[in-house]
Amino acid sequence: MPEGVFLETDRLIIRNWRADDWRLIRPMSLDPEVMQYIGHYQPWSEDETRQFVSNRMSDYERYGWTMWPLVFNRTGAFVGYCGFLRRMYGEYEGEIEIGYALAKDAWGKGLAAEAGARILQYGFESLGFERVIASARPENARSIRVMEKMGMHSIGLSLNDKGRPVPHYAIENPMR
């Protein structure tokens, strides 16, 4: 595998972040349609975009996992990101959560579920996670469908970091 690449799917390369990757994610972070369900639900400033990449690099150094950049394996074009974060609030505080976001031109092609399934496999087989959770705002039907395609099951509503009740899903390690 090329340097920095550690996972692949049929269509995607999942690799480690590079400091200048903020430039790749910047168009996506400026798109109001993409950002309507992420963070503070609006486009990010350049500083927020740079900080996102820096935080993901720090997560990887600290935990050995993060939300990784996704690129097409044939063209190298940036697609989005997918991976793990530690829930820092609420009912599921401390649990491992999978998150994902794709650039708008990558929507509707099954890429989030493809990346998510491979990353979940890695989390269970290589990192030994016992359970992984996910959440999405109720109006984000696409994201909920991705969770279902990854084999996750509903665990009911719980408050998100904005205090809104949102659907939560989970999947247990099938090897335990």
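Residues numbered from 1 in each chain as written. Predicted model: local features only at pLDDT ≥ 70, side-chain atom pairs only at ≥ 80, totals over all residues. Heavy atoms only, no water.

Enquirer: Before we go on, may I ask you to explain the side chain of Thr 66 in this structure?
Expert: Note on placement: Thr 66 falls in the loop between helix H3 (46–63) and strand S3 (67–72). According to the relative accessible area criterion, Thr 66 is buried, its value standing at 1%. Within polar-contact distance, the side chain of Thr 66 engages the backbone oxygen of Arg 56 at 3.0 Å. Among all residues touching Thr 66, those that are not within four sequence positions of it are Trp 17, Arg 56, Asp 59, Tyr 60, Cys 82, Gly 83 and Phe 84. (Helix = DSSP H or I, 4+ residues; strand = E, 2+ residues; numbered from the N terminus. Buried < 20%, exposed > 50% of the residue type's maximum accessible area, 1.4 Å probe, protein only. Polar contact = N/O pair within 3.5 Å; in protein donor to acceptor, adjacent residues only side chain to side chain. Contact = heavy atoms within 4.5 Å.)

Enquirer: What's the story with the nonpolar core in this structure? I'm lost.
Expert: Among soluble globular proteins, nonpolar side chains are generally buried collectively. If you look at the biggest cluster of nonpolar residues, it comprises 34 residues, and the most contacted ones within it are Phe 84, Ile 98 and Val 132. Of all the elements, helix H4 (residues 111–125) adds the most residues to this core, at 8 residues. Here Ile 98 is in contact with Cys 82, Gly 83, Phe 84, Gly 116, Ile 119, Leu 120, Val 132, Ile 133, Ala 134, Met 150 and Met 152, once residues within four sequence places are set aside. One finds Ile 38, Trp 44, Phe 52 and Ala 101 within the second-largest nonpolar core, a separate group that totals 15 residues. (Core = buried A, V, L, I, M, F, W, Y, C linked by side-chain atoms within 4.5 Å.)

Enquirer: Teacher, can you tell me more about the packing of aromatic side chains here?
Expert: Aromatic ring pairs are defined here through the distance separating the ring centres and the angle between the ring planes. In the structure shown here, the tally under the stated rule is 9 aromatic pairs. Between the aromatic rings of Trp 65 and Phe 129, the centroid separation amounts to 5.7 Å while the plane-to-plane angle is 85 degrees, which identifies the pairing as edge-to-face. Of this pair, Trp 65 sits in the loop between H3 and S3 while Phe 129 sits in the loop between H4 and strand S6 (131–135); the two residues are 64 residues apart in sequence, bridging distant segments of the chain. Given a relative accessible area of 10%, Phe 129 falls into the buried group. Plain terms: the ring middles of Trp 68 and Phe 84 are 6.2 Å apart, the flat faces sit at 80 degrees to each other, and that makes the pair edge-to-face. With Trp 68 in strand S3 and Phe 84 in strand S4 (residues 78–86), this residue pair connects regions lying 16 residues apart in the sequence. The class for Trp 68 is buried, based on a relative accessible area of 0%. Judged by its relative accessible area of 0%, Phe 84 is buried. Taken together, the aromatic side chains of Tyr 63, Trp 65, Trp 68, Phe 84, Tyr 122 and Phe 129 make up a single cluster linked through ring pairs. (Phe/Tyr/Trp six-rings, centres within 6.5 Å; stacked < 30°, edge-to-face > 60°.)

Enquirer: Even after reading the chapter, I still don't get the pairing of strand S5 (residues 96–102), so can you show me in this structure?
Expert: Every regular strand shows the same layout, with side chains that alternate between the two sheet faces. A large share of S5 lies buried, amounting to 7 of its 7 residues. Residues Ile 96, Ile 98, Tyr 100 and Leu 102 line one face of S5 and the alternating positions Glu 97, Gly 99 and Ala 101 line the opposite face, and both faces are buried. Here 7 bridges tie S4 to S5, and the two strands are oriented antiparallel to one another. By the bridge assignment, Gly 80 is partnered in S5 with Leu 102. (Pairing = 2+ DSSP bridges.)

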